[in-house]
Amino acid sequence: TIRPVRRSYYDPSSAPGKGVVWEWENDSGTWTPYDMDVGITIQRAYEKQHPWVDLSAIGFCYVIDFATMGQINRQTQRKRRVRRRLDMVYPLVSGTLPKSQSWPASPGAAAAPPVPACTCPQCLLVMSVKATVSAAGPGNATLQPRKAPAPPLAAPKAPAPATGAKAPDSVAVVRGSLKPLAAQGGRRQAASTPTLSSASNTGSPPGAGSGKAARPGLGTLNRSHLQRLAIAQSRVLIASGVPTVPVKNLTGSSPVNPALAGITGILMSAAGLPVCLTRPPKLVLHPPPVSKSEIQSIPGISHTCRKTTKKQAKKGKTPEEVLKKYLQKVRHPPDEDCTICMERLSAPSGYKGPQPAVKPDLVGKLVKCSHVFHLHCLVAMYNNGNKDGSLQCPTCKTIYGVKTGTQPPGKMEYHIIPHALPGHADCKTIRIIYNIPPGVQGPEHPNPGKNFTARGFPRHCYLPDSEKGRKVLRLLLVAWDRRLIFAIGTSSTTGESDTVIWNEIHHKTEFGSNLTGHGYPDINYLDNVLAELAAQGITEESLAQEKD
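Just so we're clear, the structure is a prediction, and the values are computed from it rather than from any experiment.

Caption draft 1: Summary view of the packing of aromatic side chains. Throughout the structure, instances matching the rule amount to 11 aromatic pairs. Measuring from ring centre to ring centre gives 5.3 Å for Trp-22 and Tyr-46, while their planes differ by 70°; the resulting arrangement is edge-to-face. Here Tyr-46 lies in helix H1 (residues 36-47) and Trp-22 lies in strand S1 (residues 21-25), a separation of 24 residues in the sequence. Trp-22 sits in the buried class, given a relative accessible area of 2%. With relative accessibility at 33%, the residue Tyr-46 sits in the partly exposed group. Taken together, a centroid distance of 6.1 Å and an interplanar angle of 80° make the contact between Tyr-434 and Trp-502 edge-to-face. Here the residue Tyr-434 occupies a position in strand S19 (residues 429-435), and Trp-502 occupies one in strand S24 (residues 499-502), the gap between them amounting to 68 residues. The side chain of Lys-368 reaches across the aromatic face of Tyr-400, ending 5.3 Å from its centre.

Given below as structure tokens:
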């Protein structure tokens, strides 16, 4: 598969120019570097001695607190450690930044070949081809049959398809050799392989002595030319049993121009490497059409549609009354920090926001996990959350009560369709359709009163109709009722703010492929999503608490 690459230059005063890298601690306890642009933003705020930096301006819902060296998720309030490394050395470039160069050169452009950066065979090959094309001028470098030093035994060549004919989907192979590398085995195939050469007489077409028309110049080769050339050569090489190397992306399904795949194939064949040009797998998001008569309800689950229900804490309950049933007062605080305000538990709370009606020096212990915090900090954290009567320990994420989310109103449909998912050929498929319209944010959302968008709806998701797949569906219905499937925030893919986003419960949105990682086969998906649901407080015990 061919993908574009690039090299970026940064100012010497920026983070990479100084060898500074910012990293965050992942769940396994190892450190992951931020993207370069994010690291530059963090370093810029750090050098200006800001107490914190909000990354929402560049599309991430995190706040970096330099006082505690922590990353805080603005939606979940989850905190991770961050660190600043100074031992990363990047190469420095003096003078003006080099301009981007393309090849083949456009007409009228300077034709001087660049000096090769290294002497490996691959770089020498590319530079040799560039030099050949540049010396001949645009359009003069052509692909033509190469004459054998001895009277050749003509190899059979199948005729190329007529102009305008559609290239077949079968594998096409291209092979060739380059003059500087001819001694490496090019003689064996001299009679049947094309080569890159420079036309000495621009007035007469290459191969005119044999009465054949000139082939397209390298600078003008397009997709159809490359495929016709490859197909014509393939029949000789396949018949001789030549092995092949896959080079994909021949369709327009990727950002890489399909012609680049052909050019790469020519370069590889010039080194004497067989090249196989194949088509990439197709993205299959949806199943074949299904009629209404083929759609079935799911046994054991009533109805086929469910709308969002909004659950709120009981009226009259103050934050102090809600937290009282989850806490035990601690008269003698341990000699450690409160992980919310990062002040010593023996000292008053360091929270500086709106002051709750609780003394700042009181300390409480959560009854399940036994983690200790200032009561002042816990009340402030509760007031900044969903205020739904539940509490989640900021240290270990243990949930107290029934956690609910801020999912906007919408509809969830679910039924069985008579098609099998890849890796689950023994059962049918459960299809889930989520539909959430755009609207206005409520008081529990990030920006109350502001409009929010809902991109990509209706969203289709798929589960195998197996025992475990139905179990996942039942728990997803609980998550839907508790408004935990979606949230309103900043999209991690588009950077758009105030839009509906997934809320840390992964779904499979590809039906017949797995090109994006959101499809099948995936043998661990059902176990992973059960773990994600459990992290939201949704387990088999939750099914007894919810009405089907």
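Caption draft 2: Main features of the environment of Ala-357. Its location among the elements puts Ala-357 in the loop between strand S13 (327-329) and strand S14 (363-366). The exposure class assigned to Ala-357 is exposed, which follows from its relative accessible area of 75%. Along the primary structure Ala-357 and Ala-380 are separated by 23 residues, whereas in three dimensions their C-alpha atoms are 10.0 Å apart.

Caption draft 3: How the structure looks around the pairing of strand S23 (residues 486-489). Side chains of S23 alternate between two faces, with Phe-486 and Ile-488 and Ala-487 and Gly-489 buried alike. Bridge analysis of S23 against S24 gives four bridges, and the strand direction is antiparallel. Each residue of the ladder has a partner; that of Gly-489, found in S24, is Thr-499.

Caption draft 4: Representation of the sheet that holds strand S5 (residues 70-73) in the model. The six strands are arranged S2-S1-S6-S5-S4-S3 in an open sheet whose pairing can be described as antiparallel. Two strands lie at the open edges of the sheet, namely strand S2 (31-33) and strand S3 (52-54), each paired on one side alone. Averaged over all pairs of adjacent strands, the angle between their axes in this sheet comes to 30°, without regard to strand direction. Relative to S5, strand S4 (residues 62-65) runs antiparallel, the two sharing four bridges. Directly across from Val-63, in S5, lies its bridge partner Ile-72. On the sheet, H1 packs against S1, S3, S4 and strand S6 (79-85) and is oriented at approximately 105° with respect to S1.

Caption draft 5: Region of the structure containing the sheet that holds strand S15 (residues 372-374). One open sheet holds the three strands; their spatial order is S13-S14-S15, and the pairing between them is antiparallel. The strands lining the two open edges of the sheet, one partner per strand, are S13 and S15. Sheet twist, expressed as the mean angle between neighbouring strand axes with direction ignored, is 40°. Summarising the sheet, S14 and S15 pair through three bridges and their orientation is antiparallel. The partner of Gly-364 across the bridge, within S15, is Phe-373. Strand contacts of helix H6 (residues 375-383): S13, S14 and S15, with the helix running at about 80° to S15, the strand carrying the most contacts.

Caption draft 6: Highlighting the pattern of salt bridges. On inspection of all chains with the given rule, the structure shows 18 salt bridges. Linking Asp-481 and Arg-306 is a salt bridge whose minimum nitrogen-to-oxygen distance equals 2.9 Å. Linking Asp-481 in helix H7 (residues 467-481) with Arg-306 in strand S12 (residues 305-307), this pair joins segments that are 175 residues apart in sequence. One salt bridge connects Asp-522 with Lys-508, and the closest N-O pair in it is separated by 2.8 Å. Placement of the pair is Asp-522 in the loop between S24 and helix H8 (525-535) and Lys-508 in the loop between S24 and H8, with a sequence separation of 14 residues. Owing to a relative accessible area of 26%, Asp-522 belongs among the partly exposed residues under this scheme.

Conventions used here
Residues numbered from 1 in each chain as written. Predicted model: local features only at pLDDT ≥ 70, side-chain atom pairs only at ≥ 80, totals over all residues. Heavy atoms only, no water. Phe/Tyr/Trp six-rings, centres within 6.5 Å; stacked < 30°, edge-to-face > 60°. Helix = DSSP H or I, 4+ residues; strand = E, 2+ residues; numbered from the N terminus. Buried < 20%, exposed > 50% of the residue type's maximum accessible area, 1.4 Å probe, protein only. Lys NZ or Arg CZ within 6 Å of the ring centre and 35° of its normal. Pairing = 2+ DSSP bridges. Axes fitted to C-alpha atoms, helices over the stretch in contact; angles between N-to-C directions. Contact = heavy atoms within 4.5 Å. Salt bridge = Lys/Arg side-chain N within 4 Å of Asp/Glu carboxyl O.

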